[in-house]
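A closer look at the structure
One letter stands for each residue in the lines below.
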There are 2 protein chains.
Amino acid sequence: MIYSARIPEVENSILSDILKITEDPSVISFAGGLPASESFPVDAIAKACERVLSDNAAAALQYSATMGVAPLREWIAAYRSTPARTLHPDEVMIVSGSQQALDLLGKLFLDPGDGVIVERPTYLGAIEALALYQPNFYTVDSDVEGARPDLLTVDVLQKSKLMYLQPNFQNPTGLVMSAKRREEIASFMATQDNLYLVEDDPYGELWFHEAPPANISSLSERSILLGTFSKVLSPGLRLGYIIADKKIIRALEQVKQAVDLHTSTFGQLVALETLKSLSLQTHLGEVREFYRGRAQAMEESLRQYMGPNVRWNSPQGGMFIWLTLPEGRDTYAVLQKALDAKVAYVPGLLFYTDTPEQHTLRLSFVTVGEEKIRTGIQALAQIFTD
Amino acid sequence: MIYSARIPEVENSILSDILKITEDPSVISFAGGLPASESFPVDAIAKACERVLSDNAAAALQYSATMGVAPLREWIAAYRSTPARTLHPDEVMIVSGSQQALDLLGKLFLDPGDGVIVERPTYLGAIEALALYQPNFYTVDSDVEGARPDLLTVDVLQKSKLMYLQPNFQNPTGLVMSAKRREEIASFMATQDNLYLVEDDPYGELWFHEAPPANISSLSERSILLGTFSKVLSPGLRLGYIIADKKIIRALEQVKQAVDLHTSTFGQLVALETLKSLSLQTHLGEVREFYRGRAQAMEESLRQYMGPNVRWNSPQGGMFIWLTLPEGRDTYAVLQKALDAKVAYVPGLLFYTDTPEQHTLRLSFVTVGEEKIRTGIQALAQIFTD
């Protein structure tokens, strides 16, 4: 083996196979978490490019600080401040999408064998990023209000450095953690001296009826909040951010300097100009309305076509519906049938760090239009009841 | 220690201290390798932004393939093909600046204790990126034609996975490897079955009088070529590329997916449009002319002000002059004096993985204008002869 021991000998090709197939425009894809391109603020971005290059080209095209450009960090600090916690720009670092945040955190914290606590199921991209640091994954049980770290054993807690949670419209389940549980977790974290909470929040702004409760990180100093502009502006810009105490941000800065020097200066300044010119709340209102419509369409189709033994949670925001078929079903085994019928989804097994529940799957309702949603769900229902 | 063992306990703050001081516009900085902003093709980039957003916004702002967008990979494959080696786009991966290439290669190849062979001195950013994978660094001796891997011991070769070289206008020395040595190294690599050559080539296009000889990678299959658009278009876009055989590119793709999904789609498409509209050879001709003028100005000042005991190689391209003071001098010890006099440079000790030669330093001639070059060199000469 010429590669490092951290590289899996057999690559996990399920996801790349699915993604390749979904490049075929005739395939109805419920697989990717691709934001609808109709929701991108193209005009505002075009004007922002013009303005940045006419006012500030020499700086916009030059190397810049590893932390990110100061005015964008200021914007984020203001945007993410809450009554409970006012953020300083030095508590904010810009990264190349929140996926990079996961890589930097792995690099900063994890030695092989260190523990990482995750939900069951959890976000596939977090598993992929952190697995390359050869940790041991442990899972935390959940009840209807959310994750229950108080149930973790002392042994697991002593071995673990990071606990990774998505309290808002979790990927893949779509679930929201209750306000009470967030407070309990903040209190729990205050008892820890080895463990940090990584609170990943890509979907919090995408609520349909009411905003989710305040982030845990606004209540806990032992937390690292990950945010992104992928869902509210554009994923193609690859812009996200990390919010943490200054000491951690400073350590992350050293790591990021070695990893890629800094995130695109031009991209950062274009995003900032876009955010300044756009009425963000109006834009977000439109995005929410748009996604709510698609979520409803998918739920209607699910109710119409799926048998009574198929269960899901009605989505209150985000991008995903998590489907549970009757036990004994295997969503990976029938994936090829679905792909042959030109419909794609992600089988549930990819979202587990331990024994997977094979009868689950994730559907994204944001990428394709309502008519295709209907056609696709009808086709899947047939395959699942065959 | 809450952080991973790979994180140095004491951060190396010399460079960040220098960079912070050079943010003061009254400081004459010979420290950074910042391309002159006068050389950025601003109009072409502005038109490219317009075109990308009017023709192709939905794709430009969306997630895209981890490998990079196909037409840019095609462009690079054509641009980097030579009579000796025609490149396929699948041998090209786009990265977020060639600094990221170093991180991805470390992640793919290196376990703690694996050997990495570097020149003496070598590029600081490569040391920083690879050091986080906890390798053992070994150095390769050089003669006037360049590195001599044939002098490495069998023991070092058996332990080592990567040999990192910059054959064109090396950072920090500015030296160019001869054509003969490149062929010898290609032949040498053909005898290796554990070692890969990493040929980093950020400066090859920036020659003053004649183009450097063909890349080693055009002659050797055991090589990985790193390129960048930072010096020919703009560093702020953070765009570089890796050229290697398809098997390695495919493995790097898995790593990059975990690390940041992909490099900015928008940035890639803007760079492609710029490259298509710009006459690149004309643009490069202007950049070369511009840098040649500054190199000459610096050399003239060095000849005028530095004593006869100060040595350097006349730069034939690139961005740097490597200065050697008399033995016993310590360029780190007097750095503060220079900074107090508002002149910055990088002390040589940062470019060594073993015992440094303390009497060396790196000067960049590209960032400041000719008058400041003169003033700055005069001030340094006084400090070095004090």
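Going along each chain's sequence as written, the residues are numbered from 1 onward. Starting at A for chains and at 1 for ligands, labels are handed out in the order in which the entities are written. The predicted nature of this model means local features are confined to residues of pLDDT at least 70 and side-chain atom pairs, given and counted, to a pLDDT of 80 or more, with totals for whole chains, interfaces and linings taken over all residues. The side-chain values count all of the structure's non-hydrogen atoms but skip hydrogen atoms and water molecules.

Looking now at the overall build of chain A. Think of it this way: any DSSP run of H or I at least four residues long counts as a helix, any run of E at least two long counts as a strand, and we number them from the N terminus. The secondary structure content of chain A amounts to twelve helices and 14 strands. Each principal axis of the C-alpha distribution contributes one length, and for chain A these read about 60 × 55 × 50 Å. Any residue under 20% of the maximum accessible area for its type is buried, any over 50% is exposed, and the rest in between are partly exposed; the area is computed with a 1.4 Å probe on protein chains only. Within chain A, buried positions represent 62% of all 386 residues. Here a residue-residue contact requires only that any non-hydrogen atoms of the pair lie within 4.5 Å. Counting only contacts in chain A whose residues sit at least 6 apart along the sequence, the fraction spanning at least 24 positions is 75%.

Next up on the list: the interface of chain A and chain B. With 66 residues of chain A in contact, the opposing surface of chain B contributes 66 residues. The salt bridge criterion pairs a side-chain nitrogen of Lys or Arg with a carboxyl oxygen of Asp or Glu, the two atoms within 4 Å. On the surface where chain A and chain B come into contact, there are two salt bridges. Whenever two N or O atoms come within 3.5 Å, that pair is a polar contact, provided that in protein one can donate a hydrogen and the other can accept it, and provided that, for residues adjacent in sequence, both atoms are side-chain atoms. Along the contact surface separating chain A from chain B lie 36 residue pairs in polar contact (both at pLDDT 80 or more). Take the side of chain A that touches chain B: its biggest share by element is ten residues, from helix 8 (residues 246–260) of chain A. Here the term charged refers only to Asp, Glu, Lys and Arg, the term nonpolar to Ala, Val, Leu, Ile, Met, Phe, Trp, Tyr, Cys and Pro, and the term polar to all other amino acids, Gly among them. Considered class by class, the residues forming the side of chain A that touches chain B number 34 nonpolar, 19 polar and 13 charged.

Put simply, Arg120(A) and Pro121(A) share a cis peptide bond, and its omega is 0°. Along the chain, Pro121(A) turns up in the loop between strand 3 (115–118) and helix 5 (124–131). Cis geometry marks the peptide bond from Asn171(B) to Pro172(B); its omega dihedral reads 20°. Looking at the element boundaries, Pro172(B) is found in the loop between strand 7 (160–165) and helix 7 (179–190). Phi is positive for Arg238(A), close to 50°, though the residue is something other than glycine. Relative to the helices and strands, Arg238(A) resides in the loop between strand 9 (223–228) and strand 10 (240–243). In this structure Arg238(A) comes out as buried when scored by relative accessible area, which is 3%. Notably, Leu261(A) is not glycine yet its phi reads approximately 65°, a positive angle. Note on placement: Leu261(A) falls in the loop between helix 8 and helix 9 (265–277).

Residue and element names in this part refer to chain A. With axes taken as lines fitted to C-alpha atoms, and helix axes fitted only over the stretch in contact, angles between N-to-C directions fall between 0 and 180 degrees. Running from N to C, helix 10 (residues 280–305) and helix 12 (residues 370–385) cross one another at 30°; their axes reach a closest spacing of 9 Å. When the interaxial angle is binned, helix 10 and helix 12 end up roughly parallel. Crossing handedness for the pair helix 10 and helix 12: right-handed. Together, Gly293, Arg294, Ala297, Met298, Ser301, Leu302, Gln304 and Tyr305 of helix 10 and Glu370, Ile373, Arg374, Ile377, Gln378 and Ala381 of helix 12 make up the contact between the two elements. Grouping the constituent residues of the contact of helix 10 with helix 12 by class yields seven nonpolar, four polar and three charged. Each angle gets one of four labels, with under 35 degrees taken as roughly parallel, over 145 as roughly antiparallel, 65 to 115 as roughly perpendicular, and the rest as oblique. Handedness of each helix crossing follows the sense of rotation of the near helix against the far helix: counterclockwise by less than a right angle gives left-handed, clockwise gives right-handed.

Residues and elements named next belong to chain B. For Lys256, the location among the structural elements is in helix 8 (residues 246–260). In this structure Lys256 comes out as buried when scored by relative accessible area, which is 0%. When neighbours within four sequence positions are excluded, Lys256 is seen to be in contact with Thr66, Met93, Ile94, Val95, Ser96, Gln100, Leu104, Leu261, His262 and Thr263.

To continue, consider the pairing of strand 2 (residues 92–95) of chain B. All names here are of chain B. The two faces of strand 2 match: Val92 and Ile94 on one face and Met93 and Val95 on the other face are all buried. In terms of strand pairing, strand 2 meets strand 10 (residues 240–243) through four bridges, oriented antiparallel. Residue Val95 lies in a different strand from strand 10, and its bridge partner there is Gly240. For two strands to be treated as a pair, DSSP must find no fewer than two bridges joining them.

Below, the discussion takes up the pattern of salt bridges. Close approach of charged atoms allows side chains with opposite charge to pair. Residues and elements named next belong to chain A. Enumeration according to the criterion identifies 42 salt bridges over all chains in this entry. The partner of Arg148 in a salt bridge is Asp143, with the nearest N and O atoms 3.3 Å apart. Across the pair Lys180 and Glu184 runs a salt bridge whose closest N-O atoms are separated by 3.2 Å. Here Lys180 and its partner Glu184 are both found in helix 7 (residues 179–190), four residues apart, which amounts to about one turn of the helix. When its relative accessible area of 47% is taken as the criterion, Lys180 is described as partly exposed. Several salt bridges share partner residues, and in doing so they unite Asp143, Glu145, Arg148, Asp150, Lys180, Arg181 and Glu184 into one network.

The next thing to look at is the sheet that holds strand 2 (residues 92–95) of chain A. All names here are of chain A. Taken in spatial order, the seven strands make up an open sheet running 2-10-9-8-7-3-4, and their pairing is mixed. What marks the edges here is a single partner per strand, and that holds for strand 2 and strand 4 (136–139). Across the sheet, the mean angle separating the axes of adjacent strands is 25° when strand polarity is ignored.

Here we come to the packing of helix 2 (residues 42–60) of chain A against helix 2 (residues 42–60) of chain B. At their nearest, the axes of helix 2 of chain A and helix 2 of chain B sit 10 Å apart, and the two run at 180° to each other. Looking at the two axes, helix 2 of chain A sits roughly antiparallel to helix 2 of chain B. Residues Val42(A), Ile45(A), Ala46(A), Cys49(A), Leu53(A) and Ala57(A) of helix 2 of chain A form the contact with helix 2 of chain B, whose own contacting residues are Val42(B), Ile45(B), Ala46(B), Cys49(B), Leu53(B) and Ala57(B).

What follows is about the environment of Tyr79(B). All names here are of chain B. Along the chain, Tyr79 turns up in helix 3 (residues 70–80). Here Tyr79 falls in the partly exposed class, since its relative accessible area comes to 24%. Sequence-wise, Tyr79 and Pro35 are 44 residues apart; in three dimensions their C-alpha atoms are separated by 22 Å. If sequence neighbours within four positions are ignored, Tyr79 has contacts with Glu205, Tyr241, Leu280, Gln281 and Leu284. At 2.4 Å, the side chain of Tyr79 and the side chain of Glu205 are in polar contact.

Another aspect to go through is the relation of the copies chain A and chain B. In screw terms, the move from chain A to chain B is a rotation of 180° and a rise of 0.0 Å along the axis, fitting with an RMSD of 0.0 Å. With respect to symmetry, the two chain copies, as superposed, fit the operation of a two-fold axis. Taking the C-alpha atom as reference, chain A places Cys49(A) closest to the rotation axis, 3.4 Å from it. Comparing interface residues between copies, 100% of those in chain A also lie at the interface in chain B; the contact surface is shared. When the copies are overlaid, the least-squares fit takes in C-alpha atoms only where the residue has pLDDT of at least 70 in both copies.

This part takes up the confidence of the model for chain A. Known as pLDDT, the predictor's per-residue confidence is scaled from 0 to 100. This prediction gives chain A a mean pLDDT of 95; 99% of its residues lie at or above 70. Prediction confidence for the complex, expressed as pTM and ipTM, is 0.96 and 0.96 respectively.

Here a Phe, Tyr or Trp ring, Trp counted by its six-membered ring, pairs with any other such ring whose centre lies within 6.5 Å, and the pair is stacked when the planes are under 30 degrees apart, edge-to-face when over 60, and tilted otherwise. One pass over the structure, following the stated rule, counts 23 aromatic pairs over all chains. Measuring from centroid to centroid gives 5.8 Å for Trp322(B) and Phe351(B), while their planes differ by 90°, and the two rings are edge-to-face. Of this pair, Trp322(B) sits in strand 11 (residues 320–324) while Phe351(B) sits in the loop between strand 13 (346–347) and strand 14 (360–364), placing them 29 residues apart in sequence. Taken together, a centroid distance of 5.7 Å and an interplanar angle of 70° make the contact between Tyr345(B) and Phe384(B) edge-to-face. Within this pair, whereas Tyr345(B) is found in the loop between strand 12 (343–344) and strand 13, its partner Phe384(B) is found in helix 12 (residues 370–385), the two being separated by 39 residues in sequence. There is no split in this pair, since Tyr345(B) and Phe384(B) are both buried. Three or more aromatic residues joined by ring pairs make a cluster, and in this case those are Trp75(A), Tyr79(A), Phe229(A) and Tyr241(A). Over a ring means this: the NZ of a Lys or the CZ of an Arg is within 6 Å of the ring centre and within 35 degrees of the ring normal. The aromatic ring of Tyr196(A) is capped on one face by Arg222(A), whose charged end is 4.3 Å from the ring centroid.

On to the nonpolar core. The set of buried Ala, Val, Leu, Ile, Met, Phe, Trp, Tyr and Cys residues whose side-chain atoms join them within 4.5 Å is what this entry labels a nonpolar core. Within the largest apolar cluster, 70 residues are counted, with the highest numbers of intra-cluster contacts made by Ile76(A), Phe229(A), Phe266(A), Ile76(B), Phe229(B) and Phe266(B). In contact with Ile76(B), not counting residues within four places along its chain, are Val92(B), Ile94(B), Phe229(B), Tyr241(B) and Ile243(B).

When the sulfur atoms of two cysteines come within 2.5 Å, that pair is taken as a disulfide. Counted under the stated rule, the structure contains zero disulfides over all chains. Cys49(A) forms no disulfide, and the closest cysteine sulfur to it belongs to Cys49(B), at a distance of 4.1 Å.

Bringing the sheet that holds strand 11 of chain B into the picture now. Residues and elements named next belong to chain B. Strand order in the open sheet made by the three strands is 11-14-13, with antiparallel pairing throughout. Of all strands in the sheet, those bounded by a partner on one side alone are strand 11 and strand 13. Note: strand 13 against strand 14, two bridges, orientation antiparallel. Residue pairing in the sheet places Pro347 in a bridge with Leu361 of strand 14.

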